[in-house]
Amino acid sequence: MAVVEARGLEKTYQAGDIAVKAIRGVDFTIEPASFVSFIGPSGSGKSTLLNMIGCLDPPTRGTLTVVGKNIAGLSRQEAARFRGEHIGFIFQDFNLIPVLTVFENVEYPLVMVQNWPKQKRRERVRELLQAVGMSDQSNKYPGQISGGQKQRVAVARALVTNAKLVLADEPTANLDRKTANRIIELMQEMRTEFGTTFIFSTHDPKVVKNVETIFTLEDGRLLEEGNHG
Amino acid sequence: MGNVIKLAIRNLQRYKRRTLLTSVLITLGVVAVLLFISVSGSFKTMMIGQITDSMLGHLQVHHKGYLASIDSLPLDLNLQGKQFARVKKILDGNEAVAAYSPRLRLGAMFSNFTETTNIRLNAVNPEQEMATVPMLAERIIKGKKEGLLEKGEILVPELIARGMKVGIGDTIVLVATNKDGSVNGQPFVVRGILEGISGPGGRDGVIHLSDARTLLRIEDNEISEIAIRLQNMDFMAPVFAGLQEQLGSIKNKAGKPVFEIHTWEKLSPFFNIARMIDLMTLFIRIMLVAIVLVSIMNVMIMAVYERINEIGTIAAIGTVPGKILSLFMVEGFLLGVFGTFIGVVISLAAIAGMNAAHISFDFGRQKGLLLAPTIAASDVLTVAAIVIGIAVLASLQPAWKASRMDPITALRHV
């Protein structure tokens, strides 16, 4: 079963009296445990598409099935629950909670979203921190670690709930080349270890050259689907 | 919930100075209100106690129409012996009544044999009067307090004693006109000098009831008023209502009520001051509500504005709107609890300090009154509940805004 399946997907925004079509009838399928990237110039609709897959923005028309569920028509509450259960997010600016330690940041979705029992969630957080190589920094606050380390923590947070799908919007944009490469490698390792699907929206050639499937977007249309094989 | 509280505490610690300033503001408000309630409340209680326990009693029964003419102390509106007997029977059968004292009130000429002045007198049965207004003896600033007075003795109000230059043991003459218009005089020995206090009857002299009857040539058991002391003043309203119903049912031949009954509140102008104190307390409470509302709302609006991106993040990773709402509301709640707790501690310490310092003050002609502020646990709990409730309420709008925020817009916020 595909992790994401879009058929005739459209998104129209209303800017005053003008209707702006951000996504114009897109069809695609993303298989489980794949490493996929949406690329295209600014305004091509990559982020809009990612937001729709992430249940942050409902489609205007068409069907969008994520982890086997048609997400069109989900209420705000249902969408939040669905995200918390199935989708992980990695942001360009890392978006860690500054008042929580590295450990607590990774623990957050298990406490505030999924309500795991204490012992079980601690084990899981330790496992993830070990996997991303941040065990020795677990008591530090985000302000005390580097950008690359923050993104490692963000990867751990995205995966801690056993999410089937991780959406990463320009995950390497604020990292130097060396650190960016390490983060990409880390995500590949995580994909292999946990069988998670990673979907990127990016301009970064470092990311693009590492993904298996590339969807190129322009003016809200899917131009081509390429494979690095 | 424990995790929500933990996160809320961390967020409050993020802006320590702001949290501290807001808490200080709430603390100051709580301290101001609690100290005002304790000081004004104690003053009010003391004054009411003094008025009821040394002068008026808690309730008074008169002949219908007497109170409207009380300035002229009309003898023709006295309660006749039979009427008094009926009231007495009702009062004796009421368990809420601790004591009552029949009084005959009259105006007279006061002569020291060289000068004459007019005087208002309260003629009482000493034992009943002491049981009804036990603090009356404490108003005797010169002379013997025990037993109040004997027949042939008078307690002279301080101002008249000073003006007429009479002292303890001096003989004076009272001259009064009775109901029929005939004049009679009678000598009295000054037994004591009575301190004047604010309110009706506060500057009246006191003589024995049987002396007044002799002076006025009254043969019947007639009286002007009955002062009543209750077992518990807190139950004044229901006892008053019950007595009013019983006495109101007694009608004269014309079918009109014979008696009227009043609470001390209707008899003393201090009740208006007491009401003003209550009004000021209410006003200060409203100010406290405004302080808490504005300060917490301001802090929470700022907190939401500064954390828009963070709200977007937690919403994106699946935090449901209700939990985001509770996160911010708990922050407001904790601010309220913290400020209130410190405020209550400071207030209680200040009240204890004031009591230890034995602060005295003057009120009108009364000098050296001791300020003994106290505060009821119910007042502390009410103020705390108001402050914490308002703190939560003030957080509601910003918290609601945070919970309804569109994650995409919030994540784009810089």
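Residues numbered from 1 in each chain as written. Chains lettered and ligands numbered in written order. Predicted model: local features only at pLDDT ≥ 70, side-chain atom pairs only at ≥ 80, totals over all residues.

What follows is about the overall build of chain B. Counting secondary structure elements, chain B contains 13 helices and 12 strands. Scaling as 2.2 N^0.38, a compact globule of 414 residues should have a C-alpha radius of gyration of about 22 Å, whereas chain B reaches 31 Å, well beyond that. Based on the C-alpha atoms only, the size of chain B along its principal axes is roughly 100 × 50 × 30 Å. Counting every position in chain B, which comprises 414 residues, the buried fraction comes to 39%. (Helix = DSSP H or I, 4+ residues; strand = E, 2+ residues; numbered from the N terminus. Rg over C-alpha atoms; globule rule 2.2 N^0.38 Å. Buried ≥ 20, exposed ≤ 12 C-beta atoms within 10 Å, placed from the backbone.)

To continue, consider the overall build of chain A. A tally of helices and strands in chain A yields 7 helices and 10 strands. Taking 229 residues into account, the globule formula puts the C-alpha radius of gyration at 17 Å, and chain A, at 17 Å, falls close to it. The dimensions of chain A, computed from C-alpha atoms along their principal axes, are 50 × 40 × 35 Å. Pairs at least 24 residues apart make up 70% of the contacts formed inside chain A by residues separated by at least 6 positions. (Contact = placed C-beta atoms within 7 Å.)

Residues and elements named next belong to chain B. Along the chain, the position of Leu370 falls in strand β12 (residues 366-370). Sequence separation between Leu370 and Ile359 is 11 residues; the distance between their C-alpha atoms is 6.0 Å. Setting aside residues up to four positions removed in sequence, Leu370 forms contacts with His358 and Ser360.

Residues and elements named next belong to chain A. Here helix α4 (residues 118-131) spans 20 Å end to end across 14 residues, near enough to the 20 Å set by a 1.5 Å rise per residue. Contacts made by the buried residues of α4 are with α3 (102-113) and α5 (147-159). Just past α4, the residue Gly133 takes up positive phi, approximately 70°. (Expected span 1.5 Å × (residues − 1).)

Our next topic: the domain arrangement of chain B. Structurally, chain B comprises domain 1 (2-51 + 272-412) and domain 2 (65-257). Spacing between the C-alpha centres of domain 1 of chain B and domain 2 of chain B amounts to 50 Å. (Domains from an automatic or database assignment.)

Moving on, we come to the environment of Glu31 of chain A. All names here are of chain A. By secondary structure assignment, the location of Glu31 is in the loop between β2 (18-30) and β3 (35-39). Classification of Glu31 as partly exposed rests on a count of 14 C-beta atoms within 10 Å. Along the primary structure Glu31 and Leu128 are separated by 97 residues, whereas in three dimensions their C-alpha atoms are 24 Å apart. Other than its neighbours up to four places away in sequence, Glu31 contacts Ala2 and Val3.

With that settled, the discussion passes to the interface of chain B and chain A. Each side of the interface is counted separately: chain B has 17 residues, and chain A has 18 residues. Of all the secondary-structure elements, those providing two or more residues to the side of chain B that touches chain A are α1 (2-14), α10 (308-316), α11 (321-357) and α13 (407-412) of chain B. Here the side of chain B that touches chain A gets 5 residues from one element, more than from any other, and that element is α10 of chain B. Grouping the amino acids of the side of chain B that touches chain A by side-chain chemistry returns 7 nonpolar, 6 polar and 4 charged. (Nonpolar A, V, L, I, M, F, W, Y, C, P; charged D, E, K, R; others polar.)

Here Met47 of chain B lies in helix α2 (residues 16-56). Along the backbone, Met47 of chain B and Phe271 of chain B are 224 residues apart, and their C-alpha atoms lie at a distance of 9.8 Å.

This brings us to the sheet that holds strand β1 (residues 4-15) of chain A. Residue and element names in this part refer to chain A. The 4 strands are arranged β2-β1-β4-β5 in an open sheet whose pairing can be described as antiparallel. For this open sheet the edge positions go to β2 and β5 (69-70), each flanked by a neighbour on one side alone. Sheet topology note: the β1/strand β4 (residues 61-66) ladder contains 5 bridges and is antiparallel. Paired with Glu10 across the two strands is Arg61, which belongs to β4. (Pairing = 2+ DSSP bridges.)

All names here are of chain A. Unlike most non-glycine residues, Val67 shows phi in positive territory, near 45°. If you trace the backbone, Val67 turns up in the loop between β4 and β5. With a phi close to 50°, Asp219 is a non-glycine residue in the positive phi region.

With that settled, the discussion passes to the packing of α2 of chain B against helix α9 (residues 270-306) of chain B. Residue and element names in this part refer to chain B. The interhelical angle for the contact between α2 and α9, taken along N-to-C directions, is 170°, at an axis separation of 10 Å. As far as their axial angle goes, α9 and α2 are roughly antiparallel. Of the residues assigned to the contact of α2 with α9, the class counts are 19 nonpolar, 5 polar and 3 charged. (Axes fitted to C-alpha atoms, helices over the stretch in contact; angles between N-to-C directions. Parallel < 35°, antiparallel > 145°, perpendicular 65-115°, else oblique.)

Residue and element names in this part refer to chain B. Of all 5 residues that make up strand β5 (residues 153-157), 5 are buried, and the element is covered over most of its length. Because side chains alternate across β5, one face comprises the buried residues Glu153, Leu155 and Pro157, and the other comprises Ile154 and Val156, equally buried. For β5 and strand β7 (residues 183-194), the ladder comprises 5 bridges, and the chain directions are parallel. For Ile154, the partnering residue across the bridge sits in β7 and is Val190. Direction of pairing for β5 relative to strand β8 (residues 205-208): antiparallel, over a ladder of 2 bridges.

When the pLDDT values of chain B are averaged, the result is 89; 98% of them are 70 or greater. Predicted as a complex, the structure gets a pTM of 0.75 and an ipTM equal to 0.89. (pLDDT = per-residue confidence, 0-100.)

So, about the pairing of strand β6 (residues 87-90) of chain A. All names here are of chain A. Every second residue of β6 is oriented toward a common face, with Ile87 and Phe89 on one face and Gly88 and Ile90 on the other, all of them buried. By the bridge criterion, 4 bridges tie β6 to strand β7 (residues 165-169) in an arrangement that is parallel. When the bridges of β7 are listed, Phe89 appears paired with Leu167.

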